[in-house]
Amino acid sequence: MRLVMFGPPGAGKGTQAARLSEHFRVPALSTGDILRAAVAEGSALGKQVKSVMESGALVSDELITDVVIARMNAGDCDRGFLLDGFPRTVGQAEALEGLLSAALDGVVSIEVGEEELLARLRGRASEQGRSDDNEETIRSRLSVYKEQTAPLLPFYESRGLLRSIDGTGTPDEVFALILASLKS
Ligand code: AMP
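Caption draft 1: Main features of the site of the ligand. Around the ligand sit 16 residues, and of these T31, A57, G85, R88 and R141 come closest. Separating an oxygen atom of the ligand from a side-chain N or O atom of R88 is a distance of 2.8 Å. When the ligand is considered free in solution it has 480 Å² of accessible area, and contact with the protein chains removes 96% of it. Looking at which element gives the most residues to the shell around the ligand, the answer is helix 2 (residues 31-41), with four residues. Partitioned by chemical class, the residues of the shell around the ligand number seven nonpolar, four polar and five charged.

Listed below in structure tokens is the structure:
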């Protein structure tokens, strides 16, 4: 199973990717988690991306594509993978198409309205203390999503891959909707 988890920050991509990973027994690859780990380690990659991440902007397509290639070559992606947080620009989606030997099985787009997203991201900021979850960065991440990432919706729609899911229910409800959409 090769899936892309798609949606704005706070939509629940990570939560659903973890469940789908267990269900389909394929790894969930979160580019945000990989970069946060690099920052925490203080590696060369971490030093390169720290300030960009803190601003809520995107790191470059070249850099993140290299990160994804390295992760996919780690040896556990033979049966498939779930991509969480990649691709985030049309350039990244094109790079992904070039990388894959077979097409994706689907792109799961989790849809949640802006007010609900803001409330969830503010909640996450106080619970997890993520340094990119302060008010200013939250707004900038949402506008980056609208400007740079939302254009991927027609890109994947035109390839017949898009599965649009109502993400406002409980995690169990959203998970059930995703599984149903993948069967149809
Ligand atoms: P996330 O946890 O997926 O929201 O990612 C946190 C931050 O990591 C983003 O705000 C970006 O700065 C960076 N990042 C993660 N994935 C990507 C990507 N595919 N392209 C560019 N930047 C990314």
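Caption draft 2: Highlighting the nonpolar core. If you look at the biggest cluster of nonpolar residues, it comprises 27 residues, and the most contacted ones within it are M72, F81, L83, L96, L104, V107 and Y156. Of all elements in the fold, only strand 1 (2-6), helix 3 (44-55), helix 4 (61-72), strand 3 (81-84), helix 5 (90-99) and helix 8 (152-157) reach the threshold of two or more residues within this core. Ranked by the residues each element gives to this core, the list is headed by helix 4, at five residues. Excluding residues within four positions of it along the chain, L104 makes contact with R2, V4, F81, L96, Y156 and L161.

Caption draft 3: Spotlight on the sheet that holds strand 1. With respect to topology, five strands assemble into an open sheet ordered 2-3-1-4-5, the strand pairing being parallel. If you trace the sheet from one side to the other, it starts and ends with strand 2 (28-30) and strand 5 (162-166), each paired once. Put simply, the sheet's adjacent strands are angled 20° from each other on average, direction ignored. Here strand 1 pairs with strand 4 (residues 106-111) via four bridges, running parallel. Paired with L3 across the bridge in strand 4 is G106. Where helix 9 (residues 171-183) meets the sheet, its contacts fall on strand 1, strand 4 and strand 5, and the angle it forms with strand 5 comes to roughly 155°.

Caption draft 4: Quick peek at the packing of aromatic side chains. One pass over the full model with this rule turns up two aromatic pairs. With a centroid separation of 6.1 Å and 50° between ring planes, the pair formed by F6 and Y145 is classed as tilted. Here Y145 lies in helix 7 (residues 135-149) and F6 lies in strand 1, a separation of 139 residues in the sequence. For the pair F6 and Y145, one class covers both residues: buried. For the ring pair F155 and Y156, a centre distance of 5.1 Å and an interplane angle of 90° mean the geometry is edge-to-face. Judged by its relative accessible area of 11%, F155 is buried.

Caption draft 5: Inspection of the packing of helix 2 against helix 3 at higher detail. Viewed as axis vectors pointing N to C, helix 2 and helix 3 meet at an angle of 115°, and their least axial separation amounts to 8 Å. The angle between helix 2 and helix 3 falls in the class roughly perpendicular. Remark: the crossing between helix 2 and helix 3 carries left-handed chirality. Contacts between helix 2 and helix 3 pair G32, L35, R36, A38 and V39 from the former with L45, G46, V49, K50 and M53 from the latter. Within the contact of helix 2 with helix 3, the residues separate by chemical class into six nonpolar, two polar and two charged.

What counts, and at which threshold
Residues numbered from 1 in each chain as written. Predicted model: local features only at pLDDT ≥ 70, side-chain atom pairs only at ≥ 80, totals over all residues. Heavy atoms only, no water. Near = heavy atom within 4 Å. Polar contact = N/O pair within 3.5 Å; in protein donor to acceptor, adjacent residues only side chain to side chain. Areas by Shrake-Rupley, 256 points an atom, 1.4 Å probe, with all protein chains shown as cover. Helix = DSSP H or I, 4+ residues; strand = E, 2+ residues; numbered from the N terminus. Nonpolar A, V, L, I, M, F, W, Y, C, P; charged D, E, K, R; others polar. Core = buried A, V, L, I, M, F, W, Y, C linked by side-chain atoms within 4.5 Å. Buried < 20%, exposed > 50% of the residue type's maximum accessible area, 1.4 Å probe, protein only. Contact = heavy atoms within 4.5 Å. Pairing = 2+ DSSP bridges. Axes fitted to C-alpha atoms, helices over the stretch in contact; angles between N-to-C directions. Phe/Tyr/Trp six-rings, centres within 6.5 Å; stacked < 30°, edge-to-face > 60°. Parallel < 35°, antiparallel > 145°, perpendicular 65-115°, else oblique. Left-handed = near helix turned anticlockwise from the far one by under 90°.

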